[in-house]
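Here are the chains, one letter per residue:
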Amino acid sequence: MSDPDSYKCQSGFSSPPCYAADIAADYFDPHAPAAVDPQQANDVARWRRSERKRLRDARAEGSVAERHANGAAISAHLRTLLDERFDGAKGRVFSAYWPIKGEPDLRPLMAELHAAGVIIALPIVETKAAPLIFRLWTPATKMQRGDWNIPVPPPDAPELTPEIALAPLVGWSADGYRLGYGGGYFDRTLAALTPRPFGIGIGVDTARLTTIYPQPHDIPLDLILTPSGPQSPPT
Ligand SMILES: Nc1nc2c(c(=O)[nH]1)N(C=O)[C@@H](CNc1ccc(C(=O)N[C@@H](CCC(=O)O)C(=O)O)cc1)CN2
Ligand SMILES: Nc1ncnc2c1ncn2[C@@H]1O[C@H](COP(=O)(O)OP(=O)(O)OP(=O)(O)O)[C@@H](O)[C@H]1O
């Protein structure tokens, strides 16, 4: 974005002295990140807030039986994916999530994968507006209340780095972008992890959006899984 002082330039000349400040940074430096129009970024943020509310309200309407069926169908697809792509993922760190607010419940699968030798981790907000950290979960873990009241493993559970990471979705688009609760936590986390984990978005079919209007901070997932199967082509 240009220097706000440049708005004072009202000289009427085609090239006033302050013109240089109005030239996008990437005009001079092809490697600079694309300039973001703040008005457009604001519009996108406002649109996302209303879509999050619409999609969360719709999810809250779903019946218990429907949620159960969604969780079971997604779990079946995940089992196949882990078998085909990760040879079952035995000995690998797989981060899941503890379901809140009508998210598909994959806890039975977490226990099953643990029994099969997959190392299960859960995400934790330990610092606001920072990347998530991940700690070991087993069926014996005594969960605590974390940020936003989300149950999390205790601080003495070993910290792990996931190789495969689930990201619950409020909304999603077929190009792999996600809408979460608006904290930006998964994007910050994916941006901070090297190597980046294989990211799998978990959501329902009805939460599909044509686009989420991706912004420079949005990192696409490798795959999106819904009860009807994978929604974006495997990379
Ligand atoms: N089950 C589950 N666990 C999860 C996630 C998730 O999406 N689902 N997360 C996935 O990332 C992380 C927690 N994400 C969070 C996202 C937002 C806020 C929060 O305080 N939201 C504010 C609005 C923030 C804003 O708009 O700036 C709020 O709704 O009041 C808290 C935690 C880690 N654990
Ligand atoms: N890598 C990042 N570094 C700094 N801030 C970030 C980063 N990623 C996202 N943010 C901030 O988080 C805000 C919310 O991001 P976004 O709308 O993508 O949330 P979300 O993906 O729905 O949330 P969540 O991942 O917590 O479920 C952005 O406006 C941005 O300010």
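Not measured: the values here are computed from a predicted model.

Engineer: Explanation requested: the overall build of the chain in the structure shown.
Structural biologist: Looking only at helices and strands, the chain has five helices and 12 strands in total. Across the 235 residues that make up the chain, the buried fraction comes to 26%. Long-range pairs, those at least 24 residues apart, make up 65% of the contacts in the chain with a sequence separation of at least 6.

Engineer: Looking at this structure, I do not really get the nonpolar core. What am I missing?
Structural biologist: Across soluble globular proteins, you tend to see nonpolar side chains buried next to one another. With 40 residues, the main nonpolar core has Phe-94, Ile-120, Ala-167 and Ile-200 as its most contacted residues. For this core, the elements supplying multiple residues, two or more each, are helix H3 (64-86), helix H4 (107-115), strand S2 (119-124), strand S3 (133-137), strand S7 (164-168), strand S10 (198-202) and strand S11 (223-226). Take this core: its biggest share by element is five residues, from S2.

Engineer: Got a minute to help me understand the site of ligand 2 in this structure?
Structural biologist: By nearness alone, 15 residues border ligand 2, and Gly-180, Gly-183, Gly-184, Asp-187 and His-217 come closest of all. Of the residues forming the shell around ligand 2, the biggest block, five residues, is contributed by helix H5 (residues 185-192). Of the residues in the shell around ligand 2, the class split is five nonpolar, five polar and five charged.

Engineer: What am I meant to see in the sheet that holds S7 here?
Structural biologist: By way of backbone hydrogen bonds, the strands of a sheet pair with one another, either parallel or antiparallel. Taking strand neighbours across the sheet as the criterion, the eight strands line up as S6-S3-S2-S1-S7-S10-S11-S12 in an open arrangement whose pairing is mixed. Edge positions in the sheet fall to strand S6 (159-160) and strand S12 (229-230), since each of these pairs with one other strand and no more. Strands in contact with H3 are S7, S10, S11 and S12; relative to S11, the strand with the most contacts, it is inclined by about 145°.

Engineer: What's the story with the site of ligand 1 in this structure? I'm lost.
Structural biologist: Inspection of the region around ligand 1 gives 18 residues, with Tyr-97, Tyr-181, Gly-182, Gly-183 and Tyr-185 positioned closest. Partitioning the shell around ligand 1 into residue classes produces 13 nonpolar, three polar and two charged.

Engineer: Can you help me understand the environment of Ala-72 in this one?
Structural biologist: Looking at the element boundaries, Ala-72 is found in helix H3. Sequence separation of Ala-72 and Gln-40 is 32 residues, and the distance between their C-alpha atoms is 39 Å.

Engineer: Help me understand the pairing of S10, please; the structure alone is not making it clear to me.
Structural biologist: Looking along a regular strand, one sees side chains alternate from face to face of the sheet. Most of S10 sits out of view: four of its five residues are buried. Pairing between S7 and S10: five bridges, direction parallel. The residue bridging Leu-166 from the neighbouring strand is Ile-200, located in S10. Pairing analysis gives three bridges linking S10 to S11, with the strands arranged parallel. In the sheet register, Ile-202 faces S11, and the bridge partner there is Leu-225.

Engineer: What should I look at first to understand the pairing of S3 in this one?
Structural biologist: Across five bridges, the pairing between S2 and S3 is antiparallel. Looking across to S3, one finds that Ile-124 is bridged to Ile-133. Pairing between S3 and S6: two bridges, direction antiparallel. Each bridged residue has a counterpart across the sheet, and for Arg-135 the counterpart in S6 is Glu-159.

Calculation criteria
- Residues numbered from 1 in each chain as written.
- Chains lettered and ligands numbered in written order.
- Predicted model: local features only at pLDDT ≥ 70, side-chain atom pairs only at ≥ 80, totals over all residues.
- Helix = DSSP H or I, 4+ residues; strand = E, 2+ residues; numbered from the N terminus.
- Buried ≥ 20, exposed ≤ 12 C-beta atoms within 10 Å, placed from the backbone.
- Contact = placed C-beta atoms within 7 Å.
- Core = buried A, V, L, I, M, F, W, Y, C linked by C-beta atoms within 7 Å.
- Near = placed C-beta within 6 Å.
- Nonpolar A, V, L, I, M, F, W, Y, C, P; charged D, E, K, R; others polar.
- Pairing = 2+ DSSP bridges.
- Axes fitted to C-alpha atoms, helices over the stretch in contact; angles between N-to-C directions.

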